[in-house]
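This is what each chain is made of:
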Amino acid sequence: MCGIIAYKGKRPDAASLVLKGLKKLEYRGYDSWGVAVKTDLNIVIHKKIGKIGELNIGKLKLPTSHLAMAHSRWATHGGVTDKNAHPHASCGNRVVVIHNGIIENYLQLKKALIKKGHKFVSETDTEVAAHLIEENLKKYPGKIDKAIFRHEVQRSLEQFKGRYAFLVMSEDCDSIVAARRGSPLIIGKGHDGDYFIASDIPAFLDYTNEVMYLDDDEMVVIDGGHDFIDLKTGKEIKKRIVKIEWKAQEAEKGSFLHFMIKEIMEQKETIHRAINQNEKLMKKIADAINKAFGTYFIGCGTAGKVCIAASYLFSKICKKHVNVQFGSEFPNFQHFIKKNSLLVAVSQSGETADTLEAMEVAKKKGAKLLTIVNVEGSSMDRMADLSIHIKAGPEKAVASTKATTAQLAIVTLLAYACAGRLNEGKKLLIEAASQINDMLNPRYEKHILELAEKIKNVESMYVIGRGMNYPMALESAIKLQEVSYIHAEGFAGGELKHGPIALISKGTPCIALVANDETRSDVISNAIEIKARGGFIIGVSPRREEVFDYWIRVPDAGDASPIVNIIPVQILAYQLAVLRKNNPDMPRNLAKSVTVK
Ligand code: F6R
């Protein structure tokens, strides 16, 4: 949600460095982009609506500079216009800011600044920050040193309510200041006094893999070196440099047309990587779950569906009830949280605001926090008492695929660990991983493409599943909605007859997710009911059933059936998106990593 990158260092091509980095962050927000470049005389700003993707950076003819920052936007306050794109400048252009998050009290601050003569040009909440900092700097005409700059930015930040990641530059100072409350910012330390500040690591991974994390209510001033400051105490703090294991090429498309299909294909290896966990850690976590007074699985969107799957897997494999809530709804259930409760936050990014809030709520109640997360060093990873890293590598397509199945693998493994059968779980998942490897071949893709061609113009489609495949029906619907823009809904097979079956008419595609378990015959009966009303039945199943109009074969994977069943739907969603000329990597209205509530 909004991509941020800045560079300060010895190289003279700061503008091109940040724009190249911004291209790598475009998955975070892509309705407009902009760049601010500091020269000896002033700050040059260039901003535009649309995607930065194919921009010819050279054509912009931006000045040479050692300090620049750039932003790709996912609109919150104010429509998608050139004026609302970041960076935002104060009236005199003395202060320029970029921002991710929401300043909740911006209207009140804006009114006060207008009274003082400030002229606003955008509808954004962000612009108040530029004007307010300029107002606070008025008493220092001309050049300012980094101490003054830092002090006045800090004073201005104290007046903001809400969540933010800010970068601030001034025409009159060679430093850049970054501050964080709720939205991620990571500092990359390159060689020879080179610094990057970004909302995600792939933005600068070509140049350095040494990072420092900015925590909430912290600020950093970069000026040839770095000074971290605790905004609550005003004191300087020391930061540990962490080496990131991701390789730059892992965050590239390579020979694939889109990240989404590249990441789908990577599932040949990612399940293997996910389950390669430290046995002691898994047993320790299983013990914590077994002893907890109430375990709550929390996630949003796709991660939320993994949590629902966890509840089925725990019930079946280790006969344990676990609670499930979406991050945004969890605070309504905090009354049940006790000191010995356990909250398990599931997330790809580790930065989702709603899930983080749920963790904060549980932490205040004294509960223990566990996270199942992809991005190491993310806010959730650092907030949790215990973390399981799913090791899926950078996931750049907005629609989650490889992180989803890696999370599913971990929750399956945990359920087995809670039953004291960790090795059996591992064996099952190793077998599933090798079955997926066999399944993901060009012939398989072609078979699904033929289906996509048949149904690409439908208005609606439905997905049914039972037991542990019910959450996968919900997840299938999200995947189809977000990239194909076809209206799709997922249902528990048994629920259709209680209402939704009224939606079925001649030719309506309905995907039945089938597992070779006790739910098989019931879900097939539900498919027969749909077919009787004219539905076109697409079976995702280990066996061909008579009711299927189109069969997509999946391996018989036992308790790993949610993992193998979701993969063909991911491929179908991708192919529908491409056939309907949508960009599957950057679906409309969406952004990866939702850092606002
Ligand atoms: C859908 C999707 C989203 C995310 C959700 C939570 O494909 O990716 O629904 O699952 O925004 O994000 P994370 O997992 O980063 O917490």
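None of these values were measured; they are calculated from a predicted model.

Caption draft 1: Structural view of the pairing of strand E4 (residues 67–73). Of all seven residues that make up E4, seven are buried, and the element is covered over most of its length. The alternating pattern of E4 places Leu67, Met69, His71 and Arg73 on one face and Ala68, Ala70 and Ser72 on the opposite face, and all of these are buried. Here six bridges tie strand E1 (residues 3–8) to E4, and the two strands are oriented antiparallel to one another. Following the sheet pairing, Lys8 is matched in E4 by Leu67. Relative to E4, strand E2 (residues 32–38) runs antiparallel, the two being bridged by seven bridges. Residue pairing across strands places Val37 opposite Ala68, the latter belonging to E4.

Caption draft 2: The arrangement of the nonpolar core in detail. Phe297, Phe314, Ile372, Leu480, Ile511 and Leu572 are the most contacted members of the largest nonpolar core, which has 90 residues in total. Top element by residues in this core is helix H11 (residues 402–418). It accounts for 12 residues. The two domains that each donate at least three residues to this core are domain 2 (253–440) and domain 3 (442–587). With sequence-adjacent residues up to four places away left out, Leu572 is seen in contact with Ile448, Leu451, Ala452, Ile455, Met461, Leu480 and Ile511.

Caption draft 3: View of the environment of Pro542. Mapped onto the elements, Pro542 comes out in the loop between strand E24 (536–541) and strand E25 (550–553). Here the alpha-carbon distance between Pro542 and Met169, two residues 373 residues apart in the chain, equals 59 Å. When near neighbours in sequence (up to four residues on either side) are disregarded, Pro542 contacts Val514, Asn516, Trp551, Arg553, Val554, Pro555 and Asp556.

Caption draft 4: Structural view of the layout of surface pockets. A volume near 540 Å³ is recorded for the largest pocket. Cys300, Gly301, Thr302, Val398 and Val594 are, among the 27 residues lining the largest pocket, the residues nearest its centre. Only helix H8 (301–318), strand E18 (342–347), helix H9 (353–364), H11 and helix H14 (470–484) provide two or more residues apiece to the lining of the largest pocket. Here the element with the most residues in the lining of the largest pocket is H14; it accounts for four residues. Looking at side-chain class alone, the lining of the largest pocket contains 10 nonpolar, 13 polar and four charged residues. Formed jointly, the lining of the largest pocket draws a minimum of three residues from each of two domains, domain 2 (253–440) and domain 3 (442–587).

So, how was this worked out
- Residues numbered from 1 in each chain as written.
- Predicted model: local features only at pLDDT ≥ 70, side-chain atom pairs only at ≥ 80, totals over all residues.
- Heavy atoms only, no water.
- Buried < 20%, exposed > 50% of the residue type's maximum accessible area, 1.4 Å probe, protein only.
- Helix = DSSP H or I, 4+ residues; strand = E, 2+ residues; numbered from the N terminus.
- Pairing = 2+ DSSP bridges.
- Core = buried A, V, L, I, M, F, W, Y, C linked by side-chain atoms within 4.5 Å.
- Domains from an automatic or database assignment.
- Contact = heavy atoms within 4.5 Å.
- 1 Å grid on protein atoms, 1.4 Å probe; cavity = no way out; pocket = protein on both sides within 12 Å on 5 of 7 lines; lining within 4 Å.
- Points joined across faces, edges and corners; volume = space filled by probe spheres on them.
- Nonpolar A, V, L, I, M, F, W, Y, C, P; charged D, E, K, R; others polar.

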